[in-house]
Amino acid sequence: MPRTCKNGQDCRKYKSYESVEDKNISIFQPILLVGMIFMFYIFYFRIFKRRYDINNENYRRKINNKNTSGKPIISLCLNDIVIKVIGNSVHVVESAIEPFNKLCLISELFVVAQISNDVQERNIIDLFKRLGLFDKGLKEHRLMFCTTSNGRASMIRQLCPLTHVDNDETVIKTLTGKIPNVVQIYGNLNTPDHSNFFTSLQAFTQVICAVATVEGIN
C-alpha cells in the first residue's frame, strides 16, 4: 500500500525509495543464489569429494597390501582333515597336528569348520585352545565357521587365497577357476589326474614346505 503525506497525496519521495529498495532486493536475490551454489560446489566437489577419493584410495591400497609378510595365503577346511565332528563332540586327527602347525608357520593360514550349532563351534574353539594351536601361528580370528558347503565356498571366494584345501567335491568344483589353486584331500586317488589331489594333509604340507624352502619362506 503506497504511503501518503500529510496532505493525503501520495508521497513520491517515499515511493521512489520503495522502488529503489525493491530493485535492490530483486538484484540481490539471484546474486545470493549464485553465491550459495558456488559455496556448495566448493564444499562438496573440492573438499568433501577429494577427501572421499583420498580415503577410498587409501582403503584400496590397504586391501591390496594386506599380506605384507610375504607368506602365501592358504585356506583349509578342517572337517575330516584336521578334526572329526560327531554330534556335539569334536576330536582332532592326531596325524594332522604336525603338518597343520607347519602350515601355520610357512603361510597366512585361514581355516573353516562346517558346523550345525553353536555348541560345536564352542567345542572346536576350546579344542584348539587346549591343543595350543593359537600359540603356534594360527590367529584366532582366522578360525571361521559355516553351516553349509555352499556357505564355505562363498567365504573362500571372498577371501580369495592363493590355495584352498578341501575334501568336498562340491566345494572343489565351485571354486575351480575362481581362485588360483584348489587342492583336494582324497583318501583313494582313483582319478586320472593326480596333480591337485593329496592323500592327506601331511602329503600336501610336505610339498608346500619344499616350495617354501626354495622360496626362502621361514
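Structure shown above.
Residues numbered from 1 in each chain as written. Predicted model: local features only at pLDDT ≥ 70, side-chain atom pairs only at ≥ 80, totals over all residues. Heavy atoms only, no water.

Thoughts on the overall build of the protein
So, step 1. Looking only at helices and strands, one finds 6 helices and 8 strands in the protein.
So, step 2. In the protein, the succession of helices and strands from N to C terminus is α-β-β-β-α-β-α-β-α-β-α-β-β-α.
So, step 3. Here the protein, with 218 residues, has 31% of them falling under the buried criterion.
So, step 4. Split by element, the accessible area of the protein, about 14600 Å² in all, is 54% carbon and sulfur. (Helix = DSSP H or I, 4+ residues; strand = E, 2+ residues; numbered from the N terminus. Buried < 20%, exposed > 50% of the residue type's maximum accessible area, 1.4 Å probe, protein only. Areas by Shrake-Rupley, 256 points an atom, 1.4 Å probe, with all protein chains shown as cover.)

Re the pattern of salt bridges
So, step 1. One pass over the structure, following the stated rule, counts 6 salt bridges.
So, step 2. The salt bridge partner of Glu98 is Lys102, with a shortest N-O separation of 3.7 Å. You can see Glu98 and its partner Lys102 sitting in helix α2 (residues 94-106), 4 residues apart, about one turn around the helix.
So, step 3. For Glu98, a relative accessible area of 52% translates into the label exposed.
So, step 4. With a closest N to O distance of 2.9 Å, Asp166 and Arg152 form a salt bridge. Taken as a pair, Asp166 in strand β6 (residues 163-166) and Arg152 in helix α4 (residues 149-159) lie far apart in primary sequence, 14 residues in all. Here the two residues Asp166 and Arg152 agree in accessibility, since each one is buried.
So, step 5. Bridged by salt links that share partners, the residues Arg152, Asp166 and Asp168 form one connected network. (Salt bridge = Lys/Arg side-chain N within 4 Å of Asp/Glu carboxyl O.)

As for the sheet that holds strand β7 (residues 181-185)
So, step 1. Spatially, 6 strands are ordered β5-β4-β1-β6-β7-β8 in an open sheet, and the strand pairing comes out parallel. The open sheet has two edge strands with one neighbour each: β5 (143-146) and β8 (197-198).
So, step 2. For strand β1 (residues 73-77) and strand β4 (residues 108-114), the ladder comprises 5 bridges, and the chain directions are parallel. Counterpart to Ser75 in the pairing with β4 is Phe110.
So, step 3. In the packing of α2 onto the sheet, contacts are made with β1 and β4, and the angle to β4 comes to roughly 135 degrees. (Pairing = 2+ DSSP bridges. Contact = heavy atoms within 4.5 Å. Axes fitted to C-alpha atoms, helices over the stretch in contact; angles between N-to-C directions.)

Function cannot be read off these values alone, since they describe shape.
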